[in-house]
Amino acid sequence: MRSRSNLFLIAILALISTPLVIMYVFQLIDSVSRPALGGFLPQTWELGNWRFLWETIDSARPSIWRVTFNTFVFAASTALLVCAFSITAAYALSRLNFPARRFFLAGLIMLHAFPTITLIIAIFIVLQFLGLYDSLIGVILVKAALELPFGIWIMKGFYDSVPWEIEMAGVQDGASRFRVWRELILPQVKPGLAALLIFSFLAGWSEFILPLVLAPGADAQVLATYMNAVIADDMRPDYGLFKAIGVFYALPVIAVYLLFQKQLMNIYGGGTKG
Amino acid sequence: MRIHLQNFKKTFGDTTVIEDMNLTVEDGEMIALLGPSGCGKSTTLFAISGIHKINGGTLHFGDKDVTNLPAQERSVGVVFQNYALYPHMSVAQNIGFPLKVQKLKTAEINARVGEIAELVQIGNLLDRKPMQLSGGQQQRVALARALIRKPDVLLLDEPLANLDAKLRLEMRSEIRRLQRETGITAILVTHDQIEAMSMCDRIALMKDGRIEQISTPTQMYESPASHYVASFLGNPPISFLQAKADASLDLGHGNALPLPIGKAVQGELTLGIRPEHFGPQHDGPKISGQISFIEPQGREDLIDVMLPCGQKLRAIAPSGHGLKLEQDISWGTQMDRLHIFGADGTRL
Ligand SMILES: Nc1ncnc2c1ncn2[C@@H]1O[C@H](COP(=O)(O)OP(=O)(O)OP(=O)(O)O)[C@@H](O)[C@H]1O
Ligand SMILES: [Mg+2]
């Protein structure tokens, strides 16, 4: 009975995911083969599409490794910033009684649901004013700021599920509030922190619009804008090359998901409590 | 260390939970704060521990005024209802945490952890995580952690509420033993009258943020200050009867008890009769009625008697009495144990 219904579920899931799987498989196959003209089955096998790995594909563009490094720095800094601010801000919102706490909470929920793309012009002007336009630092700050409401909200959920008594016990044992937070409370929300770290890293890794608009220059290019440039600039788009870069771009994401799926699931486990 | 709470007041926002409360716990004494849910027991406890700021009044430990000291600087050990052990630390780290905060040397911490672990009999569990312990063992760890600093005061918030019946019995005597051995002044919060009576030197019975009566368990049981106190203590509970006093205490429909000697009573009254003071084995003035329920308890049976006036009286009869349901009886009442309460609930 149990395994029958499980099989049924698996069958439905398989059916729904088949188109996705086919897309990934073809992406991979196409990147190392050339189809017949007008057809789609691979005809000849070749690694030419992957030439971007060892040569600069266009004299005007930075090398792929430089761009990958940029993407990594962008995603990692965003993730670290989001986590650093989330663990402190969320604790304050969850536990401390300070003026305008309700206002901050309400603001958080609103920002969480806000279509951030509508802010892009304002952000553009602010960055230009600060002299951070067209720099990686500028995009990192903006991306981190936009991810923060989500991060704080998730971490607040984790803090809320830590019993008050642990905190009281720590205080009674003579520890300061800060020490209680660092030594007794923070370890309890570690699973949430790990999930948030990975999650915001992936969000940074796949961000496209912000770098495109706020850092269009060659120096601050990330993989998403690099791909966009490859396909947009040429008179005759090289789809094989585009697909190969796509595979290259997606590989770390897939690896992260495979390695850390358990940690990522935590976000749905502990983060549900308002 | 003597605890002296004077004119204590506590409010949460606009609601006043406790007003003008006075409580003194003598050095080395263990006292119970007993009362129904929501009467302010935990609030009082956390005010003494320093977790809650108090809104009025003063608190002294011995001669020292600790009213405005933060929790960290009061020498108080607390055992929480859910034990509040630190889940990511081993038992030894849990117990040693208060000493680590005091920056003692690791060797000394280890020695003292070992010592206290022996006292609460968990010496073999020091490497485990709290998750790997039974409820009773977690309780012992929580006690050890509260006691390791040798605090002036030990506070226990419903420490036995999460244990099963057998373990509760065991930990009851265990906590009392520890309290006696360490000679620490302790306050136990509970809503279980048996716990309060069996573990503590004195009981403070609370109602709606006030202390209704404070005295030794026996005194409280034998001479309750009010209707409320009498109803709270005793298992099976005391029975109350409405009566009218003139020439006798008239229960209606032919049942009457003589007026108590030396007490001037008049008008509408409530009588309190404990089950163990009414039954076939007692002499004294008779009350007649019909048996409406028999609950065998082994050594003795609980018997409900329906009086002709429609009120119910509970009796305890030694088993082997041969009584039957709906049998008419007329049993003696121990007049010297009869409680009489006035209209306002105070005992006359
Ligand atoms: N933080 C708070 N904010 C507002 N009201 C509170 C707060 N804590 C307690 N109260 C109120 O104070 C009253 C006393 O609460 P307290 O926790 O002391 O009860 P208690 O006697 O310990 O009950 P229990 O046996 O259920 O633990 C209750 O009416 C409760 O609703
Ligand atoms: Mg309570």
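Residues numbered from 1 in each chain as written. Chains lettered and ligands numbered in written order. Predicted model: local features only at pLDDT ≥ 70, side-chain atom pairs only at ≥ 80, totals over all residues. Heavy atoms only, no water.

Student: Please explain the side chain of Arg274 of chain B as it appears in this structure.
Tutor: All names here are of chain B. Positionally, Arg274 belongs in the loop between β14 (267-273) and β15 (278-279). For the buried residue Arg274, which engages in no salt bridge, the nearest side chain bearing the opposite charge is Glu276, 4.9 Å off. A polar side-chain atom of Arg274 sits 3.3 Å from the main-chain carbonyl oxygen of Tyr221. Apart from the residues lying within four places of it in its own chain, the contact partners of Arg274 are Tyr221, Ala230, Leu233, Gly234 and Ile238. (Helix = DSSP H or I, 4+ residues; strand = E, 2+ residues; numbered from the N terminus. Buried < 20%, exposed > 50% of the residue type's maximum accessible area, 1.4 Å probe, protein only. Lys, Arg positive; Asp, Glu negative; His and termini not counted. Salt bridge = Lys/Arg side-chain N within 4 Å of Asp/Glu carboxyl O. Polar contact = N/O pair within 3.5 Å; in protein donor to acceptor, adjacent residues only side chain to side chain. Contact = heavy atoms within 4.5 Å.)

Student: Any chance you could explain the nonpolar core here in plain terms?
Tutor: Looking at soluble globular proteins, one finds that nonpolar side chains tend to be buried together. The biggest cluster of nonpolar side chains holds 60 residues, and the ones touching the most others in it are Tyr159 and Ile185 of chain A together with Ile3, Ile48, Phe61, Leu155 and Ile187 of chain B. The element that contributes the greatest number of residues to this core is helix α5 (residues 136-160) of chain A, accounting for 7 residues. Each residue touching Ile187 of chain B, except ones within four places of it in the same chain, is listed here: Ile3, Val25, Ile31, Leu33, Leu45, Ile48, Leu154, Leu155 and Leu156 of chain B. (Core = buried A, V, L, I, M, F, W, Y, C linked by side-chain atoms within 4.5 Å.)

Student: Hey, could you run me through the interface of chain B and chain A in this one?
Tutor: Quoted interface sizes are often the accessible area lost when the parts come together. Taken together, the contact pairs 21 residues of chain B with 18 residues of chain A. Between the two partners, chain B and chain A, sit 2 salt bridges. Lys100 of chain B is the salt-bridge partner of Glu183 of chain A, the closest N and O atoms lying 3.2 Å from each other. Elements represented by at least two residues in the side of chain B that touches chain A include exactly α1 (41-49), β6 (76-79) and α2 (91-101) of chain B. The greatest single-element share of the side of chain B that touches chain A, amounting to 4 residues, is contributed by α2 of chain B.

Student: Explain the domain arrangement of chain A here, please?
Tutor: Residues and elements named next belong to chain A. By the assigned domains, chain A splits into domain 1 (2-46) and domain 2 (61-268). Taking only C-alpha atoms, the centre of domain 1 and the centre of domain 2 are 31 Å apart. Note on domain 1 versus domain 2: buried area summed over both sides is about 440 Å², and carbon and sulfur give 69% of it. Three residues stand out in domain 1 for area buried against domain 2, namely Gln27, Asp30 and Ser31, and they jointly supply 78% of the buried area on that side. (Domains from an automatic or database assignment. Buried area = accessible area lost by both parts, 1.4 Å probe.)

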